[in-house]
Structure formats: structure tokens, C-alpha cells
Amino acid sequence: MHISRRALLRTTAAASGSRGLGMQADAPQERICVGVIEVCLRGGNDSVAHQRARSVVTVAGLLLMAQAVLQASDAPPHKPNIVILYADDMGYGDLGVQNPDSRIPTPHLDQLAAQGTRFTDAHSSSGVCTPSRYALLHGRYHWRKFHGIVDSFDPPVLDSERTTLPELLKAKGYKTACIGKWHLGWDWNMIQRPGAAPIGRAKKAPGGFPASDFDWGKPIPGGPLSHGFDFYFGDDVPNFPPYAWFENDRVITEPNVPLATPESTAEGAWEARPGPSVKDWDFWAVMPKLTERAIEWIGRQTQDEPFFLYFPFTSPHAPIVPTPEFVGKSQAGGFGDFVMQTDHTVGRVLQALQDGGFADNTLVIFTSDNGPEHYAYERVRKFHHRSMGPLRGVKRDLWEGGHRVPFIARWPGKVPAGNVRGGLLSQIDLFATIATVVGADIPPGTAEDSYSQFAFLTGESSSARDLLVHNTNANGYAIRRGDWVLIAAKSGGITKVPEWFDPANGYTSNPHPGELYNLHDDLGQKHNLYAEHPDKVRELMDELDNVRGKGQVR
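Presented here is an overview of the structure given in this document.

## A word on the overall build of the protein
- The helix and strand tally for the protein stands at 13 helices and 18 strands.
- Across the 554 residues in the protein, those meeting the buried criterion constitute 55%.
- At a minimum sequence separation of 6, the contacts of the protein that also span at least 24 residues come to 71%.
- About 22,700 Å² of surface is accessible on the protein, with carbon and sulfur atoms providing 52% of the total.

## Looking at the side chain of Arg-421
- Within the fold, Arg-421 resides in strand β13 (residues 419–421).
- Within the buried set, Arg-421 has no salt-bridge partner at all; the shortest N-O distance to an opposite charge, 9.0 Å, is to Glu-460.
- Sequence-distant contacts of Arg-421, that is, excluding residues within four places in its chain, are made with Thr-117, Arg-118, Phe-119, Thr-120, Asp-121, Ala-455, Phe-456, Gly-459, Ser-461 and Ser-462.

## Focus on the sheet that holds strand β16 (residues 477–481)
- Strand order in the open sheet formed by four strands is β15-β16-β17-β18, and the pairing between neighbours is antiparallel. Looking along the sheet, the strands with just one partner apiece sit at the ends: β15 (467–471) and β18 (515–518). In this sheet, neighbouring strand axes are inclined to one another by 15° on average, regardless of whether the strands run parallel or antiparallel.
- The sheet strands contacting helix α13 (residues 534–549) are β15, β16, β17 (484–487) and β18, and the helix crosses β16 at an angle near 110°.

## Considering the packing of aromatic side chains
- On inspection of all chains with the given rule, the structure shows 31 aromatic pairs.
- Relative to Phe-283, the ring of Trp-270 has its centre 4.8 Å away and its plane inclined at 50°; by these criteria the two rings are tilted. With Trp-270 in the loop between β8 (257–258) and β9 (276–277) and Phe-283 in the loop between β9 and α7 (286–299), the pair connects residues that are 13 residues apart, well separated along the chain.
- Judged by its relative accessible area of 5%, Phe-283 falls in the buried class.
- Through successive ring pairs, a cluster of aromatic residues spans Phe-153, Trp-186, Trp-188, Phe-209, Phe-214, Trp-216, Tyr-232 and Phe-246.
- The ring of Phe-231 carries Arg-300 above its face, with NZ or CZ at 5.9 Å from the centroid.
- Directly above the aromatic system of Trp-411 lies the positively charged group of Lys-414, at a separation of 5.9 Å from the ring centroid.

## A closer look at the sheet that holds strand β5 (residues 231–236)
- Read across the sheet, 10 strands follow the order β7-β6-β5-β4-β10-β1-β11-β12-β2-β13 without closing on themselves; strand pairing throughout is mixed. Lying at the two open borders of the sheet, with one neighbouring strand each, are β7 (250–251) and β13.
- Direction of pairing for strand β2 (residues 117–119) relative to β13: parallel, over a ladder of three bridges. Looking at β13, one finds that Arg-118 is bridged to Val-420.
- With respect to the sheet, helix α5 (residues 129–138) is in contact with β1 (81–87), β4 (175–181) and β10 (307–312), its orientation differing from that of β1 by roughly 165°.

## A look at unusual backbone geometry
- Look at the link from Ser-315 to Pro-316: it is a cis peptide, with omega at 0°.
- Among the structural elements, Pro-316 can be located in the loop between β10 and α8 (333–355).
- Going from Ala-318 to Pro-319, the amide bond is cis rather than trans, its omega being 0°.
- The phi dihedral of His-183 falls on the positive side, at around 55°, and the residue is not glycine.
- Take His-183: its relative accessible area is 2%, and that puts it in the buried class.
- A positive phi angle, near 60°, is found at Asp-280, a position not held by glycine.

## Notes on the pattern of salt bridges
- A complete count under the given rule lists 29 salt bridges for this structure.
- Note that Lys-181 is salt-bridged to Asp-88, the shortest N-O span being 2.6 Å. Pair noted here: Lys-181 is in strand β4 and Asp-88 is in the loop between β1 and α4 (107–115), with a separation of 93 residues, a long-range link. We note that Lys-181, like Asp-88, is buried.
- In this structure, Arg-348 and Glu-292 form a salt bridge, with 2.7 Å as the shortest nitrogen-oxygen distance. Residue Arg-348 is located in helix α8, and its partner Glu-292 is located in helix α7; the two are separated by 56 residues in the primary sequence.
- Overall, Glu-292 belongs to the partly exposed group, its relative accessible area being 33%.
- Several salt bridges converge on common partners, so that one network encompasses Arg-140, Lys-145, Asp-159, Glu-161, Arg-162 and Glu-448.

## Overview of the pairing of β1
- Taking burial as the measure, the seven residues of β1 include seven buried ones, the bulk of the element.
- Neither face of β1 is exposed, since Asn-81, Val-83, Leu-85 and Ala-87 on one face and Ile-82, Ile-84 and Tyr-86 on the opposite face are all buried.
- Sheet topology places β1 next to strand β11 (residues 362–368); seven bridges connect them, and they run parallel. Across the sheet, Ile-82 pairs through a bridge with Leu-363, a residue of β11.
- As judged from the five bridges shared by β1 and β10, these two strands associate in the parallel manner. Bridge pairing links Leu-85 to Phe-311 in β10.

What counts as what
Residues numbered from 1 in each chain as written. Predicted model: local features only at pLDDT ≥ 70, side-chain atom pairs only at ≥ 80, totals over all residues. Heavy atoms only, no water. Helix = DSSP H or I, 4+ residues; strand = E, 2+ residues; numbered from the N terminus. Buried < 20%, exposed > 50% of the residue type's maximum accessible area, 1.4 Å probe, protein only. Contact = heavy atoms within 4.5 Å. Areas by Shrake-Rupley, 256 points an atom, 1.4 Å probe, with all protein chains shown as cover. Lys, Arg positive; Asp, Glu negative; His and termini not counted. Salt bridge = Lys/Arg side-chain N within 4 Å of Asp/Glu carboxyl O. Pairing = 2+ DSSP bridges. Axes fitted to C-alpha atoms, helices over the stretch in contact; angles between N-to-C directions. Phe/Tyr/Trp six-rings, centres within 6.5 Å; stacked < 30°, edge-to-face > 60°. Lys NZ or Arg CZ within 6 Å of the ring centre and 35° of its normal.

So, in C-alpha cells, the structure goes:
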């Protein structure tokens, strides 16, 4: 039997499974394999020589395959894209898959949860928006610096001396974009004209400057581009002036009239602060426009360069303005319709990732900046929908409903699909977790409160966090350790609770100086154990003092 060198090379290539071998043996290892086989064949054309050659081919192929695997393992992995979808005022119970009694369908979020892992004990840093955003982007408790929100025309709150998450990712070669609600301040003084002064500063809703007080043609420093984002598009804050579109560091649609809100919203009040506005500013167009721009930006990305998209939604925050195609689609009023529109935006972003070929190599995180607004109480009575789910409290509160929020992670092949996990997780942890994902070192003085939860997200271990401090304002803190939570204040409520709600839901007044709950046994926080466990109260108070006194937790 005669075996030609050409056939021999075909056999070697097939056995090795290596691409690019073709009809030549260029690599040294392949030339050695062919040489050895040729020596075997020189002994004759009989079947023994042929069998010997086939055995050598098989061994050579296995060796080449092993070498290919080792070479692949040594090669740097392709960095995943990262997308954070950040809802505004969406409660724990507004995620359909998380609330069996929900009156609001969320099919796209439910699908995301089925394709990834849903975390049921995840928390925003604060019960209000600005502090939660600061904490997410800095990996740091907001209360180490401030408590409240950035008001109309307030300066930036992010720290120039600390690295932000987009700055960390830019250093690793990522393209970065923020599209949506910024609400972390700008350096408005740089575009204010001499003598500019707010109107009605003493009113509850301050900041109503006349449009003529600003030079809208100038760039505004201190925003997203000053803190690591390559691109920004949005309206800054949906219910704060100026009511206009921003792109990068400029207002691109000049506001020239005071805000006018002639129509009523689908639910609740406008909650719109007075100030400069584009003529006939269309609140209903905001979420659709942001969605389109996010999809366009994803469409401009390539496989050659990883990207980070931070997409903080303006919905379902007030003003509650679902577009006509969603009106009446839920069974929970205008807010429910707006949540459905929010879910639709999630679906469109996920489809854009799929269409661009990015879905399999993208870590998608969906969560919310705090619990639902106080309209949630009336929603319970009117529609039997609990935006807070089984939790007590709403936006602002130290009770769980103020800061325990929906949290879903999807990363095919890395984050297990269809999982539900209950370990303690904070949005503060996203910084260190993403640093682990991309192999970045966290600079000194940055993300001091952030734990890497990479192994928790990927299902390899339990949560790295067993302690978390909750805070909304300077007058009250809560501390979580394991199943226990201590509210170091007379009440965990900050938002006013309607008189009918507590009696109807089994809540009683608190005669003690604080509140202590075991969340494993009492997730709804109905049974205050403050008086029954004084040792636990003292233990948690000591831990709270320690965390507040230390500059670094991690």
C-alpha cells in the first residue's frame, strides 16, 4: 500500500483539528510529525507499516490539539461588553417574574431573568436617586460625602480625585457612553451670565432661572464627559430644568421659554421644577428618544473594541407619561403602563445587542435606583398591585421597600441562566465586580466600599458581602448583618404612609427608639424585635459606628 505525502498531510491535519494546516506542514511540530510517520512507512507497504503510521498520526493529532488548547488558554480573552440598564423608581414588585400578583406584564425583563440570574436581595445605596448613582459609579457609600439629591443647577457631586467606573473601563480600552438621566450635576457657573440669579429660591421647588441667564452656546464642564464617558445624550433630569436635549457637554436645543405643562400626567403630579425650557417641550418623547439613541449607539460599535453603555432611564419616574401605544395596556394605571414601556425599552436594547452580534459577549445588568414613589400606596388600594412587593416601605424609606430593588444579570456562558440567588448584594459592588471582569486594578482611594461579586454572579460561590449600611438622609441609618437589620432611628419610614395602609396590612406603631428585624423570618418587617434582643441591638450599633468611622470597608 502506498500513502502519498499529500494524503499524509491531509490525515495529520484532520487528526489535529488545526485550522490553517491546509496542504503544507509549516509549523515545526507538524514537520516533525510528518517526518516520524514517513520513517514508519519506509519499512514497507504492508498493513503493519500502515497501521503503525495511523497510530502515530493519531498521537500526533492529540499532541497538536493539546498544544492548541494551551495556546488558546495563554491568549488574552476578548473583553466583554458591559451594559447597565438603570430604571428610575421601579419597585421590587414591579418586576413581573418577581411578583406573582403583579398587574404589570414585563415580558422582556422576565426573559432576561430566564436567560440570566435574578438576585432577590440586591440594594441601591440610597432611597433616592442622586446618591445611588454616585455610589454605583464610585463604588463608595454616598453618605461618606452627602445624602440628598442634586437640585436644579447644582454643581457636580462626583469626585475628581476618585476614579469612576467609566474611567476605569476607558483605561482598559473600552468605548464608553451614558445615555439618559444624569442627575449628578454640572458646572453651571461656566455658562451663567454675570448677575444671574434664581427666581423663587425660597420656594419648595427652587432653581427657576430665566433662560436669558445662560449662554447656551458654551460647553458645560462637570458632566459625563468630565468623568470618563466618551459620549452623552439625554435630558439630564426629566423633571428638572433645563428642559432640553444635551449631547456630550452642550445643550443642543436651546431653552428659551419658561416651562409649561398644559396636560395632565397619566398618574400623580408633574413634579416638574420651574425653569428654562424648549418651547413645547414634549415629556412623552423623552423615553422614546433615549431608546432610539441608545440603539443607534450600539449599532455604531464593532467587535474590535469593547464598549460600556450606562443607560439610566427616566422611567418610570414622574412625570408618568406613557406613550399612546402603552396607555391602558397594564392593569395598574398610568404607572403600570409606564413600566410596560420601560420593559419595552429593555427589549429593544437586548434586540440591538443581538442584531449587532454582541449578545453572547455582553454582560447586561438591569436594576433600579431606589424603590417606588409614594403613589405606590394608592396603587395597592386601587389596582391591587404592590410595587414594593412583599416589602415594607417605598422610595426614601430605610425599610426594605426603599432600597431593595430588582437586579438581573445576564452573560451567556458566564452567569448561569434561570438562576435565582438570595445573597446580599449592593450596587456599590458593581465597581469591584466589573474590575474583576475586565482584569483591572482598582486605584488606591477608589471604590473603598465595593466588593467583587464576580464569583457570586457566576454561581461559583456565595456573596462576598455580609454587611450593608442603608441611608437616605442624615437623620437615620440602618445596618444589615446576615439576616438581621437594625434601623437606628425611631422609624424606618421617611415617606409619609397613608393612615389606612398600616392597619390594613398588619403594621403597628413602634414604641421603641429603634427597629430590629430578622428578615429571614419577617421579610415584611412587621415584628419589631428591638426590645427582645438588646444584645443584638448593641452589637449592630457597634458595627454601624465602626463602618461609619472607617474610611474603607473592603
